[in-house]
Amino acid sequence: MEDVAALVEVTRDPALRQWASSVVDNDADGARWVQAQQRGWAAGDQFGFAVLEGQPGSVREQLVGNVVLKEVTSGKPAAEVGYWTAAHARGRGVAPRALEALTSWAFDTFEADGLERLELLHQVDNLASCRVAQKSRYDFDSILPAAPPSFPRDGHLHIRRTSA
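Residues numbered from 1 in each chain as written. Predicted model: local features only at pLDDT ≥ 70, side-chain atom pairs only at ≥ 80, totals over all residues. Heavy atoms only, no water.

**Here we look at the nonpolar core**
With 24 residues, the main nonpolar core has Leu69, Val81, Leu99 and Leu118 as its most contacted residues. Elements represented by at least two residues in this core include exactly β1 (46–53), β2 (62–70), β3 (78–85), α4 (94–110), β4 (117–123) and α5 (127–135). Top contributing element to this core by residue count: α4, with eight residues. Those residues in contact with leucine 118, other than ones at most four positions away along the chain, are Leu69, Ala79, Val81, Thr103, Ala106, Phe107, Tyr138, His158, Ile159 and Arg160. Ranked by size, the runner-up nonpolar core spans eleven residues in total, among them Val10, Trp33, Trp84 and Ala86. (Core = buried A, V, L, I, M, F, W, Y, C linked by side-chain atoms within 4.5 Å. Buried < 20%, exposed > 50% of the residue type's maximum accessible area, 1.4 Å probe, protein only. Helix = DSSP H or I, 4+ residues; strand = E, 2+ residues; numbered from the N terminus. Contact = heavy atoms within 4.5 Å.)

This is the structure we're talking about:
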């Protein structure tokens, strides 16, 4: 909850809003978003992580992104990953590093429960997410048809298997 103000500020970025599935306009929205992340952890089916970066001369870390593992179910072979990066942190490899950490954690934590692959979806015109997928060894699998309103355009499905 201590990052709500930073979350609100970061999500004001028009580029982030273009791709985000939820809108955070104020502190109340931010608190609801954080509470939704907490509910996912409590339910054991969605695991969101703040991506933080240390700042020289500061004790407090700066919010630079988010990664999430979702649709986790024991015995189900696939789960989905997602991420976003704050505008001030883009172009520095934050998303691929965070996604690699999440991927390793997911397979280490859930492979014994049957997790075999992670799926990464993005809209076809989100070239930055496509580059993150490629850098993170998520292989292109197929084009998915649009599914409005949450996925208004066709998308790419990238997959990473436990053996990658």
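Back to the text.
**Here's the deal with the sheet that holds β4**
If you walk across this open sheet you meet the six strands as β1-β2-β3-β4-β6-β5, and the pairing is mixed. With one partner strand each, in any of the chains shown, β1 and β5 (139–144) form the two edges of the open sheet. In this sheet, adjacent strand axes meet at a mean angle of 25° when their direction is disregarded. As paired strands, β2 and β3 are joined by six bridges and run antiparallel to one another. Bridge pairing links glycine 65 to threonine 85 in β3. (Pairing = 2+ DSSP bridges. Axes fitted to C-alpha atoms, helices over the stretch in contact; angles between N-to-C directions.)

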